[in-house]
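# Per-entry structural report
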Amino acid sequence: MKVKTIFMHLLYFTPYILMMTGVVTNPWLMLLMCALMGFGLAGIGLSVMHDANHGAYSNKKWVNQMLGYSLNIVGGNAFNWKVQHNVLHHTYTNIHDVDEDISPRGVLRMTPYSDWKGIHKFQHIYAWVLYGLMTFVWVFVKDFVRIVRYQRDGLIKNQKADVRTEWIILIATKVIYLAYMLVLPMIVLPINGWQWFAGFFLMHYIAGFILAVIFQPAHVIEGTEYPLPNDEGKIENSWAIHQLHTTTNFANNNKILSWYVGGLNYQVEHHLFPNVCHVHYRNISVIVKKTAEEFNLPYKSEPTFIGALIGHAKLLRELGKNPQTLAAPSL
């Protein structure tokens, strides 16, 4: 984890330093540097921040907190992420209107219980383009929208957090981020606003796309389930069994992919043991699969990454069909 943490941060900050110090000045090479920063940004999110904000990076709380704030340094907000991911997604996985990862998104329909729009017929095509916008929108819009919503819904209070403190941290770290990503480059580098935007957008587009294609096939894929609570607001299965029904692994034999994505291709193991560091998922998976089979429970796994993406695309296409047409009796 220490080696990986250093590597991912160097992958993000080294290209930045090379540009800022004038070592790299060619516009096309600068775009290449921004692309590398995108891979580093995604790597920090997948392999460092993710474990830290789950409390799984270290047995020392201060280490997890410090590395968890690496998300703030690259433009996000650790507190918002922990509420959205740790609380809502991990507790209510694939439950409509609660799990924000599949909640109604306008032009994307990720659950059969979301409202259908005509444009959804083509979502299996255009979704891949929109995925690249994820971190870009996250930095400038989502963090602000989420903290307002979490305050309104009482989620900040439930986390025993002070809303004023979280607002101060959010605004202060956004200012720091924009200072070193926007202000300093415009002062130091011989570039105009459009050139800066091209590099900044490219970095975030690559990072957003990588993050989306790693997280989406884990829960929005052929064979996944979308349980609904009963009239009493309860889910039929226990929490652990619910995770097995709503989560899918992929490409578990691809060690290079697994290393880069922080073991998140072992999504089943991660959901069952979110407080365990991802370096142990490969060994844990043998036990989890054997236990699932012993109790006749599902252990969903797609052999390849490409296969997982195809399965995701197929479900997007299915969810894009008009549910009224599908429900209509055949003549």
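## Some thoughts on the nonpolar core
One finds Tyr12, Leu46, Tyr177, Met181 and Ile214 to be the most contacted residues of the largest nonpolar core, which totals 48 residues. Looking at this core, the elements with two or more residues in it are helix H1 (2-20), helix H2 (27-53), helix H3 (61-68), helix H7 (134-152), helix H9 (163-188), helix H10 (193-219) and helix H12 (255-260). Of all the elements, H2 adds the most residues to this core, at 12 residues. Contact partners of tyrosine 12, with chain neighbours within four places excluded, come to Met37, Gly40, Leu41, Ile44, Val74, Tyr177, Tyr180, Met181 and Met203.

## What about the packing of H2 against H10?
When two helices pack together, their arrangement is given by the angle between their axes and by how far apart the axes lie. One way to put it is that H2 packs onto H10 with a least axis distance of 8 Å and a crossing angle of 40 degrees. For the pair H2 and H10, the crossing hand works out as right-handed. Every residue of H10 that contacts H2 at Leu31, Cys34, Ala35, Met37, Gly38, Phe39, Leu41, Ala42, Leu46 and His50 is listed here: Ala198, Gly199, Leu202, Met203, His204, Ile206, Ala207, Ile210, Leu211, Ile214 and Phe215. Of the residues contributing to the contact of H2 with H10, the split by class is 17 nonpolar, four polar and no charged.

## Description of the packing of aromatic side chains
Within the structure shown, the criterion is met by 16 aromatic pairs. With centroids separated by 6.4 Å and ring planes inclined at 40 degrees, the aromatic side chains of phenylalanine 13 and tyrosine 180 adopt a geometry described as tilted. With phenylalanine 13 in helix H1 and tyrosine 180 in helix H9, this residue pair connects regions lying 167 residues apart in the sequence. The exposure class of phenylalanine 13 is partly exposed, given its relative accessible area of 25%.

## Details of the pattern of salt bridges
Throughout the structure, instances matching the rule amount to seven salt bridges. Among the salt bridges present, the one from arginine 164 reaches aspartate 162, with a minimum N-O distance of 3.6 Å. The class of aspartate 162 is partly exposed, set by a relative accessible area of 32%. Here the salt bridges do not stand alone but share partners, grouping Glu100, Arg146 and Arg149 into one network.

## Focus: helix H11 (residues 239-246)
Buried within H11 we find His242, Gln243, Leu244, His245 and Thr246. Where H11 is buried, its residues touch helix H5 (78-91), H10 and helix H13 (267-272).

Analysis parameters
Residues numbered from 1 in each chain as written. Predicted model: local features only at pLDDT ≥ 70, side-chain atom pairs only at ≥ 80, totals over all residues. Heavy atoms only, no water. Core = buried A, V, L, I, M, F, W, Y, C linked by side-chain atoms within 4.5 Å. Buried < 20%, exposed > 50% of the residue type's maximum accessible area, 1.4 Å probe, protein only. Helix = DSSP H or I, 4+ residues; strand = E, 2+ residues; numbered from the N terminus. Contact = heavy atoms within 4.5 Å. Axes fitted to C-alpha atoms, helices over the stretch in contact; angles between N-to-C directions. Left-handed = near helix turned anticlockwise from the far one by under 90°. Nonpolar A, V, L, I, M, F, W, Y, C, P; charged D, E, K, R; others polar. Phe/Tyr/Trp six-rings, centres within 6.5 Å; stacked < 30°, edge-to-face > 60°. Salt bridge = Lys/Arg side-chain N within 4 Å of Asp/Glu carboxyl O.

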